[in-house]
Amino acid sequence: MTEEKEQQNIELEECKKQAEEHLNNWKRERADFVNYKKEQDKNNLELWVYRSGLLETMDVIRDLLTSSDKIKNLEEYFVINRIKNSIEQAWGRVGIRKIPVEGQNFDPNLHEAIITEEGGERLEEIAPGYAIGDKVIRPARIRRAPMPLSPGTVRVEIISPFE
């Protein structure tokens, strides 16, 4: 009788281990599915941004705001600026952010150099870039310009007679 009971206890322990293993596998699979779903949502958002044409719309709005001959009065300017701000705020809520340019070092993963001048260390934005989290939707289009001289500084260029 004790041998039989001992055998049942061994089988019970094995069943408990197996049940725990199945539960842990299920938890891992569930976590993998949740992560997959989040990744799909992020990819769908990126695809939606591409297909919706909102990047191009923001470019048009930015061009309108920077070109004074296209806006006839101050009221139009403020309305267009409010639209731009609303779109940027909505994008911020879903994780879309503008890629910083000013004061940054050139990063080919984030910036696309449209114009590069000799000695170009300073970045100037030509067209903004956007990212969702760490993934770049569109790189910032930039001009690499030389650093401005501080007052009282003279730029000296040495010309070799051997060239």
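Structure first, text after, so check above.
Asks: Outline the pairing of strand β5 (residues 135-138), supporting the account with residue identities and numerical values.
Replies: With three bridges connecting them, strand β4 (residues 130-132) and β5 associate as antiparallel partners. Bridged to Y130 within β5 is R138. Taking the residues between adjacent antiparallel strands as the criterion, β4 and β5 are bridged by two residues, where G133 takes a positive phi near 60°.

Asks: Go over the nonpolar core, please, and point to the residues and values.
Replies: One finds W91, I96, Y130 and I137 to be the most contacted residues of the largest nonpolar core, which totals 15 residues. For this core, the secondary structure elements donating two or more residues are α1 (2-52), α2 (54-66), α3 (74-93) and β4. The element contributing the most residues to this core is α2, with five residues. I99, L123, A140 and I142 belong to the second-largest nonpolar core, a separate cluster that totals six residues.

Asks: Quick rundown of a nonpolar patch on the surface? Include the residues and the values.
Replies: Taken together, the side chains of F33, V34 and Y36 make up a nonpolar region of the molecular surface, amounting to roughly 290 Å² of accessible area. Topologically, F33 is positioned in helix α1.

Rules used in this analysis
- Residues numbered from 1 in each chain as written.
- Predicted model: local features only at pLDDT ≥ 70, side-chain atom pairs only at ≥ 80, totals over all residues.
- Heavy atoms only, no water.
- Pairing = 2+ DSSP bridges.
- Helix = DSSP H or I, 4+ residues; strand = E, 2+ residues; numbered from the N terminus.
- Core = buried A, V, L, I, M, F, W, Y, C linked by side-chain atoms within 4.5 Å.
- Buried < 20%, exposed > 50% of the residue type's maximum accessible area, 1.4 Å probe, protein only.
- Patch = residues over 30% accessible without salt bridge, like charges linked within 9 Å, V, L, I, M, F, W, Y side chains within 5 Å.
- Areas by Shrake-Rupley, 256 points an atom, 1.4 Å probe, with all protein chains shown as cover.
- Salt bridge = Lys/Arg side-chain N within 4 Å of Asp/Glu carboxyl O.

These results come straight from atomic positions and should not be treated as a statement about function.
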